[in-house]
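Chain by chain, the residues:
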Amino acid sequence: MADSIKDKIKYGLLKGIDVSGFKVLDPPVRLAFGEEPRKQVGDIAKYMILPILFVLACLGIWTVMGPNHKTKSGEVPTPAKVWTAYEDNARFDERQQEKAADFIVEGAEREAVLTATTEELARLEAEAATLAEASDAVAATAKEETEALLAPLRARLDALKAEHEAAEDRREAEMNALAAEIVAGQAQPSALVDLVRENEILEDEANDAEDVIETQIKDILSDPPAEVKAAQMAANRVADEVQHYKKRIDILTKENRNVKEAEYLAKAEEDRAQLVAAEDPKKAVREAKSIARNAERAEDSKTQTYPRTATIFWQTKRSLATVFVGFGLAAALAIPLGIMCGLNRIFMACLTPIISIFRPVSPVVWLLIFQIIIGAFFPDPEKHPLFVTLNDEKWFGWIGNPLAFLQTNPAMIFSACTVAMCALWPALVNTALGVSSIDKDHMNVAKVLRLGFWSRLFKIIIPSSLPLVFAGLRISLGVGWMVLIAAEALSSSDGLGKFVWDEYQNGSSQSFANIILACFVVGIIGFFLDRIMIFLQRLVSFDDGSATA
Amino acid sequence: MSLQVYEPMPGKLSSRFVEIYSLVKEYPNPYGDDFRVVEHFNLNIRQGEFISLIGHSGCGKSTVLTMLAGLNEISDGGIIVGNREISGPGPDRSVVFQSPCLMPWLTAFGNVMLGVKSVYPHADKATRKQIVEHSLSVVGLADSMKKYPRELSGGMQQRVGIARAIALQPKVLLLDEPFGRLDSLTRMELQDVILDILAKEKLTAMIVTHDVDEAVFMADRCVMMSNGPKATCSEILEIDFPRPRDREEVFNDPTFFHYREHLLAFLEQRSHIKGETRTYNGNNFIGYLDKNQIADLSQRVHVA
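The rules behind these values
Residues numbered from 1 in each chain as written. Chains lettered and ligands numbered in written order. Predicted model: local features only at pLDDT ≥ 70, side-chain atom pairs only at ≥ 80, totals over all residues. Heavy atoms only, no water. Domains from an automatic or database assignment. Contact = heavy atoms within 4.5 Å. Buried area = accessible area lost by both parts, 1.4 Å probe. Salt bridge = Lys/Arg side-chain N within 4 Å of Asp/Glu carboxyl O. Nonpolar A, V, L, I, M, F, W, Y, C, P; charged D, E, K, R; others polar. Axes fitted to C-alpha atoms, helices over the stretch in contact; angles between N-to-C directions. Helix = DSSP H or I, 4+ residues; strand = E, 2+ residues; numbered from the N terminus. Parallel < 35°, antiparallel > 145°, perpendicular 65-115°, else oblique. Left-handed = near helix turned anticlockwise from the far one by under 90°. Polar contact = N/O pair within 3.5 Å; in protein donor to acceptor, adjacent residues only side chain to side chain. Buried < 20%, exposed > 50% of the residue type's maximum accessible area, 1.4 Å probe, protein only. Pairing = 2+ DSSP bridges. Expected span 1.5 Å × (residues − 1). pLDDT = per-residue confidence, 0-100.

Novice: How should the domain arrangement of chain A be read in this particular structure?
Specialist: A common way to report how large an interface is uses the accessible area buried once the components associate. All names here are of chain A. Domain parsing of chain A yields domain 1 (2–68), domain 2 (108–238) and domain 3 (312–540). Computed over C-alpha atoms, the centres of domain 1 and domain 3 are 33 Å apart. Contact residues are listed per partner, giving 6 residues for domain 1 and 8 residues for domain 3. Together domain 1 and domain 3 conceal approximately 580 Å² of surface at their shared face, both sides included; 68% is due to carbon and sulfur atoms. For the pair domain 1 and domain 3, the interface holds 0 salt bridges. Split into classes, the residues belonging to the side of domain 1 that touches domain 3 amount to 3 nonpolar, 2 polar and 1 charged.

Structure below.
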């Protein structure tokens, strides 16, 4: 009995691995259940350990080669730097969320958060002071060491300079003497020209010699020792944290929407008292206006949220939302059209020229076309009912609007349309192929059973073409994801593409690492999207025994 | 659309339930005359009769059967089933194909239900379910209704194919080499299943087969087709074993060997000879197919 349960778990796991397409995990599972350990260990070595070693080797080559290539944006970041960039981005996102939470927290909870934050700030400030001191101390020691290192160089440079100057003076004197001789007619004029030339060459040589030493000094100065850098970075990080906590306290005490609301209400109350006590009619009107204004402000601040900054995580979510909107559009168009193409040769003949001409068109061209077309629908996007509704926080009443965080705008719509336009074709062509290549025997069965058009379509044609349809959709999603990143970069539609573009444009010391980080994020998400499609494809294909899964 | 109606011949209705007259199948040939596969094939089938169609591979046996099923266009001549000329597939004729042709995404139950739904559009759910369950239990699959085709053996898949055909409650059952891909044990089992069903339901049936034993054991008349192109019904052998037939008894009967020898001799020697159809009772030649029958048929045909 126990054996059969164990077997069930084992085959359940293996089936899951098979359906999800992670064939690599097959040997470890079999090994865990004690099936042919020798073979499984061999398979693990061949198909897991070797690939991992290969990837590690690639990372190693990257680590070694990267810093050797100096670019305008600094040297090529190593994997470690990219990881640091990821951590920085994560911290940035976390801080934004903390601030957003601080902005809306109310009542006793706000007091509690404020106390905790203040305590933490005090602790951090102390730590920052210690670290700054330590950093200074390290820097001071390092400076001494550097000085010790520099002193002989400087002495040599000074000596060299003095020597060169002396030599130059001597040559100057020589030249003057020769010139005097020429004037006196005692020497050839060409001898002076030779001397000047020789003088120039010697001067250049002297300068070069000085430059070598100067560069050495500069290098030492510009490249402080690692421990100084580390101490500085530690101090900076805590100083940064201190800044963040100061800002948090600022938000908690001043900008918090409930604090603001209370403030406005208090003002309104004050005005009311003054209105009651007013003797001058003009003043009464002024006070009444002030009451109305403050009441309105109080009402407004109730629903305010902290202005969101585009972190890489938010950009990722937005890209995903955009790609699914575009992919959905593509599928909604491609599947019905593909089925019609597969069913009807005339329809196929009509669509063929359109498919052939528009399929090779670059996404960039589509982007520009959609930008113009979609732009015309939304002359004033801020006030357009579509975006007002989609971005309204209170759309679903107390639950709130789960889509509000996307901040939908026309740029997102035309990026999605571009994705749809480019992702349309593989799905369309594959669906048409799936429908037209349906087994003739199945159609004969349908004839004998006298199935009508609709039951023929839904009972026979669509089920039998589903595997190919999903194969097409899988290609479509991959194409869509690639196109989207380019479209976002070009159109400044928020998303990973824009993140990359912004990083490229602003050119801070972290930018290069951030771009490579974005490259990995895009790649990993693309990988998982593909896996999802493989999973769906396996679910609908009936040949491999997973139709019931 | 004009419908051709044939007046029934009084008293002879059941003797000519299916009439195939001057049946021709041509395929267009862009480089010359059209390619005739079947030419002037004539055959009358009594109601409840079992015909086996035998001949060399590619001679056009299946073409005749698919034309009768309505899956293949008739180039010339015609087929009358129950006083109506056929013009396509109909619920009165159902087919068991050589490969089971089951929909892999449907269970055995779903596969049989597929046709039931369209043939009985007005029946309620419970009735349909009953029909499907009955058909599946008739072929011995009462316990495997919820299984998918890939979970069934070849023989079981073909059983589902048979159940799907009989669930339509047809008047004519057409079997297109239904056991061609099965091992001999399964083949025998399914032959018995078919014979049982035919006996119970009083169906008219036609089987296309390569297997001489099968042709003799199952049929009332064995139609031998000459070699193609321009294949036609060359000889007809009447087989008068009593029904229900017991396999052992039939196979031990000396006449069985006569029939068998006759069929083999035909396949080996006479199948290439073109001529008029001869009819044999046992091994005795009893005459050519009556030409008047054809003339008679054409007289009775008029457009309604």
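Continuing now.
Novice: Explain the packing of helix 14 (residues 410–436) of chain A against helix 16 (residues 453–491) of chain A to me, please; I cannot follow it from the model alone.
Specialist: Helix packing geometry: the angle between the two helix axes and the distance between the axes. Residues and elements named next belong to chain A. Relative orientation of the contacting elements helix 14 and helix 16 amounts to 155°, with a least axis distance of 7 Å. Comparing their axes, helix 16 and helix 14 come out roughly antiparallel. Relative to helix 16, the crossing made by helix 14 is right-handed. Partitioned by chemical class, the residues of the contact of helix 14 with helix 16 number 17 nonpolar, 10 polar and no charged.

Novice: What should I look at first to understand the interface of chain B and chain A in this one?
Specialist: Chain B puts 23 residues into the contact, and the matching count from chain A is 17 residues. Summed over both partners, the interface of chain B with chain A buries about 1900 Å², with 73% contributed by carbon and sulfur atoms. The three residues of chain B that bury the most area against chain A are Trp105(B), Leu114(B) and Arg150(B), which together make up 32% of that side's buried surface. Where chain B meets chain A, there are 0 salt bridges. Summed over the shared surface of chain B and chain A, the number is 4 residue pairs in polar contact (both at pLDDT 80 or more).

Novice: It is not clear to me how the side chain of Arg221(B) should be interpreted in this structure. Could you clarify?
Specialist: Residues and elements named next belong to chain B. Considering the arrangement of structural elements, one finds arginine 221 in strand 10 (residues 221–225). One polar contact links arginine 221 to glutamate 49, side chain to side chain, over a distance of 2.5 Å. Contacts of arginine 221, omitting those with residues within four sequence positions, involve Leu43, Asn44, Ile45, Arg46, Glu49, Phe50, Ile51, Ser52, Ile236, Leu237 and Glu238.

Novice: Whenever I open this one, helix 17 (residues 496–506) of chain A confuses me. Can you help?
Specialist: An α-helix turns once every 3.6 residues. As a result, residues three or four positions apart point the same way. Residue and element names in this part refer to chain A. Turning to helix 17, its buried residues are Leu496, Gly497, Lys498, Phe499 and Glu503. Its buried side turned inward, helix 17 meets helix 4 (79–104), helix 10 (312–343), helix 16 and helix 18 (511–540). Positioned one or two residues after helix 17, glycine 507 has a phi angle of 55°, which is positive.

Novice: Would you take a moment to explain the pairing of strand 10 of chain B for this structure?
Specialist: Residues and elements named next belong to chain B. Burial of strand 10 is extensive: 5 of the 5 residues sit out of reach of the surface. Alignment of strand 4 (residues 50–54) against strand 10, held across 4 bridges, turns out to be parallel. Bridging across to strand 10, serine 52 finds its partner in cysteine 222. Relative to strand 11 (residues 233–238), strand 10 runs antiparallel, the two being bridged by 5 bridges. Note that in strand 11 the partner of methionine 225 across the bridge is cysteine 233.

Novice: I keep staring at the environment of Ile44(A) and nothing clicks. Help me out?
Specialist: Residues and elements named next belong to chain A. As for its placement among the helices and strands, isoleucine 44 is situated in helix 3 (residues 37–65). Relative accessible area serves as the criterion here: at 14%, isoleucine 44 is assigned to the buried category. Each C-alpha atom, one on isoleucine 44 and one on leucine 31, is 9.3 Å from the other, the two residues being 13 residues apart in sequence. The contact partners of isoleucine 44, leaving out residues within four places of it in the chain, are Pro27, Pro28, Leu31 and Ile49.

Novice: Whenever I open this one, helix 4 of chain A confuses me. Can you help?
Specialist: For helix 4 of chain A, with 26 residues, the first-to-last C-alpha span of 38 Å sits near the 38 Å given by 1.5 Å per residue. Those residues of helix 4 of chain A that fall on the buried side of the exposure criterion are Pro79(A), Val82(A), Ala85(A), Asn89(A), Asp93(A), Arg95(A), Gln96(A), Lys99(A), Asp102(A) and Phe103(A).

Novice: Quick question: what am I supposed to make of the packing of helix 12 (residues 363–377) of chain A against helix 16 of chain A here?
Specialist: Residue and element names in this part refer to chain A. Between helix 12 and helix 16, whose axes approach to 10 Å, the crossing angle comes to 50°. Judged by the angle between their axes, helix 12 and helix 16 are oblique. Our pair here, helix 12 against helix 16, has a crossing hand that is right-handed. Residue-level inspection shows Pro363, Val364 and Leu367 of helix 12 in contact with helix 16, the latter providing Val483, Ala487, Leu490 and Ser491. Looking at the contact of helix 12 with helix 16 residue by residue, the class counts come to 6 nonpolar, 1 polar and no charged.

Novice: Which parts of the structure should I look at to understand the domain arrangement of chain B?
Specialist: Residue and element names in this part refer to chain B. Structurally, chain B comprises domain 1 (4–92 + 172–303) and domain 2 (105–169). Taken over both partners, the interface formed by domain 1 and domain 2 buries close to 930 Å², and the fraction arising from carbon and sulfur atoms is 74%. Taken together, the links from domain 1 to domain 2 amount to 1 salt bridge. Across the pair glutamate 189 and arginine 159 runs a salt bridge whose closest N-O atoms are separated by 2.9 Å. Linking domain 1 with domain 2 are 2 residue pairs in polar contact (both at pLDDT 80 or more). Tallied by class, residues from the side of domain 1 that touches domain 2 come to 8 nonpolar, 1 polar and 2 charged.

Novice: Honestly, the confidence of the model for chain B in this entry has me stumped. Any pointers?
Specialist: One rule of thumb: low pLDDT means the predicted coordinates there are not for detailed reading. Residues and elements named next belong to chain B. Per-residue pLDDT for chain B has a mean of 81; in total, 84% of the residues score no lower than 70. Contacts for the low-pLDDT stretch residues 1–13, under 50 throughout, to residues beyond four places or in other chains number 25 contacts. Low confidence marks residues 289–304, where pLDDT is under 50. Its contacts with residues over four positions away, or in another chain, come to 29 contacts.

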